[in-house]
Amino acid sequence: MCCTVLRQARLTKLEVFKSEAIRLAAGKVAALSGDVRRALQICRRSAEIAGDRARAAGGVTVKGKVEKVTADDINTATAELATSQYVQAMQGASEWERALLAALYLHLSAFQCEEAEFESVFHRMRNAALRKCTLGQEPTFGETLSVAHSLAALRLIRLETLK
């Protein structure tokens, strides 16, 4: 509902979005998360795509009118945003990084919490590695902490030092 009100209030006044593009963007966001910020990200990127298309065609207008964002622009923007830096970082993660992320996910899911102590996640990862022998060797605490720091540098996880 909030997303629909926002799109009507903000996007229809711009006269840059075709009505089916607005409906498509709202529908995609509603189906995924309902997050208004995500809807605005999609709309912003879609407008950039339409602007790039207009400039490539030799101007910002088509037949004297502003180039409008189309449903294809919305689909392109959605696909681009789905392959954001976080998704790309996770796809390019090493086997140890993926194992640590999986252990963290399993821990957070099991305890229905939003944060975990590193030692608990380390033990979960180590036990999984020993059961499946997928990492080739038993991970040490120091090696796993180093992997966690690399994930934190990519901003995939947050590490805090307890004092």
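As a reminder, the structure under discussion sits directly above these lines.
Counting of residues starts from 1 at the beginning of each chain's written sequence and follows it residue by residue. Only residues with pLDDT of at least 70 get local features here, since the model is predicted, and only at 80 or more are side-chain atom pairs given and counted; chain-wide, interface and lining totals rely on the full set of residues. The basis for every side-chain value is the complete set of heavy atoms in the structure, and neither hydrogens nor water enter the calculation.

1. Some thoughts on the packing of aromatic side chains
Two descriptors summarise a pair of aromatic rings, namely the distance from one centre to the other and the angle between the planes of the rings. Pairs were defined over the aromatic rings of Phe, Tyr and Trp, the Trp ring being its six-membered one, requiring ring centres within 6.5 Å. Orientation was assigned from the angle between planes: stacked under 30 degrees, edge-to-face over 60, tilted for the rest. Using the criterion set out here, one finds 2 aromatic pairs in the structure. For the pair F118 and F141, a centre-to-centre distance of 5.2 Å together with 80 degrees between the ring planes defines the contact as edge-to-face. Note that F118 is positioned in helix α7 (residues 118–132) and F141 in helix α8 (residues 141–153), a separation of 23 residues in sequence. Burial classes follow relative accessibility: with a 1.4 Å probe on protein chains only, a residue under 20% of its type's maximum area counts as buried, one over 50% as exposed, and anything between as partly exposed. On the basis of relative accessibility, which here comes to 18%, the residue F118 falls in the buried class. The class of F141 is partly exposed, set by a relative accessible area of 38%. Taken together, a centroid distance of 5.2 Å and an interplanar angle of 80 degrees make the contact between F122 and F141 edge-to-face. With F122 in helix α7 and F141 in helix α8, this pair connects stretches of sequence that are 19 residues apart. Residue F122 is classed as buried on the basis of its relative accessible area, which comes to 6%. Taken together, F118, F122 and F141 form an aromatic cluster joined through their ring pairs. For the purposes of this entry, the term helix denotes a DSSP run of H or I that reaches at least four residues, the term strand denotes a run of E that reaches at least two, and both are numbered from the N terminus.

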